[in-house]
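This is what each chain is made of:
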Amino acid sequence: MVVAVLLDLSWGEVRRWHPLVGFGNWAMALERRLNQGGTRFTRGVLAWILAVLPFTALAALLVWVLAAPLAQAAAHALMLYFCLGMRSLRDHNLPIADALAQNDLSNARRLTSYIVSRDTSSASEMELTKASAESLLENGNDAVFGTLFWFIVAGGPGAVLFRMANTLDAMWGYRTPRFLQFGCAAARIDDALNYIPARLTALSYVLLAPGLHGKLRAWQCWRAQAPAWDSPNAGPVMSSGAGALGVQLGGAAIYHGEVEYRPTLGDGPPAVGADINRAWRLVARTTALWLAVACAIAAGMELAHA
């Protein structure tokens, strides 16, 4: 885990031939072929199976074939590295904070449009900050903590399974006429795989909030605000994160040309550009916490076997 996180922070995502890019292309081809006609829910289940299970089985087979412990460790580390997105979160979000600090609203809108599906063409500084901070907090779970959790559970193949399932949810899990039935299975499977990691992430945000007051505020926001969100996992993660930061997120946003009025997240003043950096630091500190916990678990297992 430590090696994979360090590789991700040092190198970031590979620029060519990234496995998740290839997987995304495969998923798009499956969707175009199967998302038509009747029984779209059944076709969505079939598409999920065809998209995810062969690659997960291949990852498990690779680990099994590599009998040497060092080779197996290298395979696990590389699989986790390809599944992590911590450096990507930093590289996509901190430039937004820099653009806002320079009052370059046009550039901030352009950069934000790369990471969210909401309309940013006329977004204000507060709306751009909310979009970036919410993306950091939520993807701190999806692209980092959830991946680490399933790596702890099932090694490299577990991380591969989780990231592919999460990617399909991001691609197919929309409540639009095109994806409402076809993407239902992808959304529900991602919810199930993310249930425990999301709550551990929310708990981490609570524990790392500054001071006792900050911890209580993050906990109270989680308990009071998360149930109002449609997503059973994004609600706990973003409400506790916003509470830990002591800012207000959520509210109205434009998706697919329509305004969606979402519940309020957090407690405090509206977020400003500098809060994007604070959200990133919270994600980074939570990653360090998870690594420390994983190392402690590994050390305990070694002592038990000794």
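Counting restarts for each chain: residues are numbered from 1 in the order of the written sequence. Totals for whole chains, interfaces and linings use all residues, but because this is a predicted model, local features are given only for residues with pLDDT of at least 70 and pairs of side-chain atoms are given and counted only at 80 or more. Think of the side-chain values as coming from all heavy atoms in the structure, minus any hydrogens and water.

**Q** How should the overall build of the protein chain be read in this particular structure?
**A** Each helix and strand in the protein chain was counted, giving eleven helices and two strands. Reading the protein chain from its N terminus to its C terminus gives the helix and strand order α-α-α-α-α-α-α-α-α-α-β-β-α. Since a compact globule built from 306 residues should have a radius of gyration of about 19 Å, the 20 Å found for the protein chain is in line with a globular shape. Principal-axis analysis of the C-alpha atoms gives the protein chain an extent of 55 × 55 × 35 Å. Counting every position in the protein chain, which comprises 306 residues, the buried fraction comes to 48%. Of the contacts formed within the protein chain by residues at least 6 apart in sequence, a portion of 69% connects residues at least 24 apart. Strands are runs of DSSP state E lasting at least 2 residues, helices are runs of H or I lasting at least 4, and numbering of each runs from the N terminus. Taken over C-alpha atoms, the radius of gyration is set against a globule rule of 2.2 Å times the number of residues to the power 0.38. Under the scheme applied here, a residue whose accessible area is under 20% of the maximum for its type counts as buried, over 50% as exposed, and between as partly exposed, the area being computed with a 1.4 Å probe on protein chains only. The contact rule is simple, with two residues in contact once any of their heavy atoms fall within 4.5 Å.

**Q** What exactly am I supposed to notice about the side chain of Arg 163 here?
**A** Locating Arg 163 in the fold gives a position in helix H7 (residues 125-172). Charged-residue counts in this description rest on Lys and Arg as positive and Asp and Glu as negative, His and the chain ends being excluded. Just to be clear on terms, a salt bridge is a Lys or Arg side-chain nitrogen sitting within 4 Å of an Asp or Glu carboxyl oxygen. Put simply, Arg 163 is tucked away with no salt bridge, and the nearest opposite charge, on Glu 13, sits 5.5 Å away. A 3.5 Å cut-off defines polar contacts: any pair of N or O atoms within that distance qualifies, except that in protein one atom must be a possible hydrogen donor and the other a possible acceptor, and neighbouring residues in sequence count only when both atoms are side-chain atoms. Among the polar contacts listed, one links the side chain of Arg 163 to the backbone oxygen of Cys 83, at a separation of 2.6 Å. What Arg 163 contacts, discounting residues up to four positions off in sequence, is Leu 20, Cys 83, Asp 142, Ala 143 and Thr 147.

**Q** So what exactly am I meant to see when it comes to the packing of aromatic side chains here?
**A** For any pair of aromatic rings, geometry is given as the distance between the ring centres together with the angle between the planes. Classification of ring pairs rests on two measures: the distance between centres of Phe, Tyr or Trp rings, Trp counted by its six-membered ring, which must be within 6.5 Å, and the angle between planes, read as stacked under 30 degrees, edge-to-face over 60 and tilted in between. Across all of its chains, the model carries nine aromatic pairs by this definition. Here Phe 145 and Trp 290 contribute two aromatic rings whose centre-to-centre distance is 6.2 Å and whose plane-to-plane angle is 20 degrees, an arrangement assigned as stacked. Here Phe 145, found in helix H7, pairs with Trp 290, found in helix H11 (residues 274-305); they are 145 residues apart in sequence, far enough to count as distant. Phe 145 gets classed as buried once you look at its relative accessible area, which sits at 0%. For the pair Phe 149 and Trp 150, a centre-to-centre distance of 5.5 Å together with 85 degrees between the ring planes defines the contact as edge-to-face. Trp 150 shares its class with Phe 149; the two are buried. Of the aromatic side chains, those joined through ring pairs into one cluster are Trp 11, Tyr 81 and Phe 82. Above the plane of the ring of Trp 222 lies Arg 223, whose end atom (NZ or CZ) is 5.5 Å from the centre. Geometrically, a charge over a ring is one whose NZ (Lys) or CZ (Arg) sits within 6 Å of the ring centre while staying within 35 degrees of the ring normal.

**Q** Hey, could you run me through the layout of surface pockets in this one?
**A** If a probe as big as a water molecule is rolled over the atoms, it shows which places are left empty. Approximately 370 Å³ is the volume found for the second largest pocket. For the second largest pocket, the lining is made up of 14 residues, of which Pro 19, Ala 59, Met 79, Phe 82 and Val 160 are closest to its centre. Tallied by class, the residues present in the lining of the second largest pocket amount to 14 nonpolar, no polar and no charged. Site definitions follow a grid-based scheme: protein atoms alone, a 1 Å grid, a 1.4 Å probe that fits but cannot get out for cavities, and for pockets an open set with protein on both sides within 12 Å along at least five of seven lines, plus lining residues having an atom within 4 Å of a point. Grid points are joined across faces, edges and corners, and a volume is the space filled by probe spheres set on the points. Any residue that is not Ala, Val, Leu, Ile, Met, Phe, Trp, Tyr, Cys, Pro, Asp, Glu, Lys or Arg is counted as polar, Gly included; the first ten are nonpolar and the last four charged.

**Q** Please clarify how the side chain of Asp 191 should be interpreted in this entry.
**A** Mapped onto the secondary structure, Asp 191 falls in helix H8 (residues 184-208). Looking at Asp 191, the relative accessible area reads 15%, which means it is buried. Excluding residues within four positions of it along the chain, Asp 191 makes contact with Pro 232 and Asn 233.

**Q** What should I look at first to understand the nonpolar core in this one?
**A** Side chains of nonpolar character tend, in soluble globular proteins, to be buried together. For our purposes a nonpolar core is just a set of buried Ala, Val, Leu, Ile, Met, Phe, Trp, Tyr and Cys residues, chained together by side-chain atoms within 4.5 Å. One finds Leu 168, Trp 172 and Leu 249 to be the most contacted residues of the largest nonpolar core, which totals 78 residues. With 18 residues, H7 is the single largest residue contributor to this core. Excluding residues within four positions of it along the chain, Leu 168 makes contact with Phe 23, Ala 27, Trp 48, Ala 51, Val 52, Gly 173 and Ala 186.

**Q** Quick question: what am I supposed to make of H11 here?
**A** It helps to recall that an α-helix has 3.6 residues per turn; residues three or four apart then point in one direction. By this rule, a helix spans an expected 1.5 Å times one less than how many residues it contains. In this model H11 runs 48 Å from its N-terminal to its C-terminal C-alpha over 32 residues, within 8% of the 46 Å that 1.5 Å per residue would give. Taken together, the buried positions of H11 are Asp 275, Ile 276, Ala 279, Trp 280, Leu 282, Val 283, Thr 286, Thr 287, Trp 290, Leu 291 and Ala 294. On its buried side, H11 packs onto helix H1 (2-11), helix H5 (86-101), H7, H8 and helix H10 (234-245).

**Q** What is the right way to read the pattern of salt bridges from this model?
**A** Oppositely charged side chains can pair when the atoms bearing their charge come close. Taken as a whole, this structure holds eight salt bridges when the rule is applied. Linking Arg 178 and Glu 31 is a salt bridge whose minimum nitrogen-to-oxygen distance equals 2.7 Å. On the criterion of sequence distance, the pair formed by Arg 178 in the loop between H7 and H8 and Glu 31 in helix H2 (residues 19-34) is long-range, its members being 147 residues apart. For Arg 178, a relative accessible area of 44% corresponds to the partly exposed category. On the accessibility criterion, Glu 31 (5% relative accessible area) is buried. Taking the shortest distance from any N to any O, the salt bridge between Arg 175 and Asp 230 comes out at 3.9 Å. Pair noted here: Arg 175 is in the loop between H7 and H8 and Asp 230 is in the loop between helix H9 (211-225) and H10, with a separation of 55 residues, a long-range link. The two residues Arg 175 and Asp 230 agree in class, both being exposed. By sharing partners, the salt bridges in this structure join Arg 87, Arg 90 and Asp 91 into a single network.

**Q** Looking at this structure, how should I read the packing of H7 against H10?
**A** Packed helix pairs are specified by the crossing angle of their axes together with the interaxial distance, meaning the distance between the axes. Closest axis-to-axis distance for the H7/H10 pair is 9 Å, and the angle between their directions is 125 degrees. Taken together, the axis directions place H7 and H10 in an arrangement best described as oblique. Two packed elements cross with a definite hand, and for H7 against H10 that hand is right-handed. Side by side, H7 and H10 meet where Glu 134, Leu 137, Glu 138 and Asn 141 of the first sit next to Ala 234, Val 237, Met 238, Gly 241, Ala 242 and Leu 245 of the second. Counted by class, the contact of H7 with H10 contains six nonpolar, two polar and two charged residues. To get an axis, fit a line to the C-alpha atoms, keeping to the stretch in contact for a helix; angles then go from 0 to 180 degrees between the N-to-C directions. Angular relationships are summarised with four words: roughly parallel below 35 degrees, roughly antiparallel beyond 145, roughly perpendicular across 65 to 115, and oblique for the angles in between. In this scheme, a crossing is called left-handed if the near helix is turned counterclockwise away from the far one by less than a right angle; it is called right-handed if the turn is clockwise.

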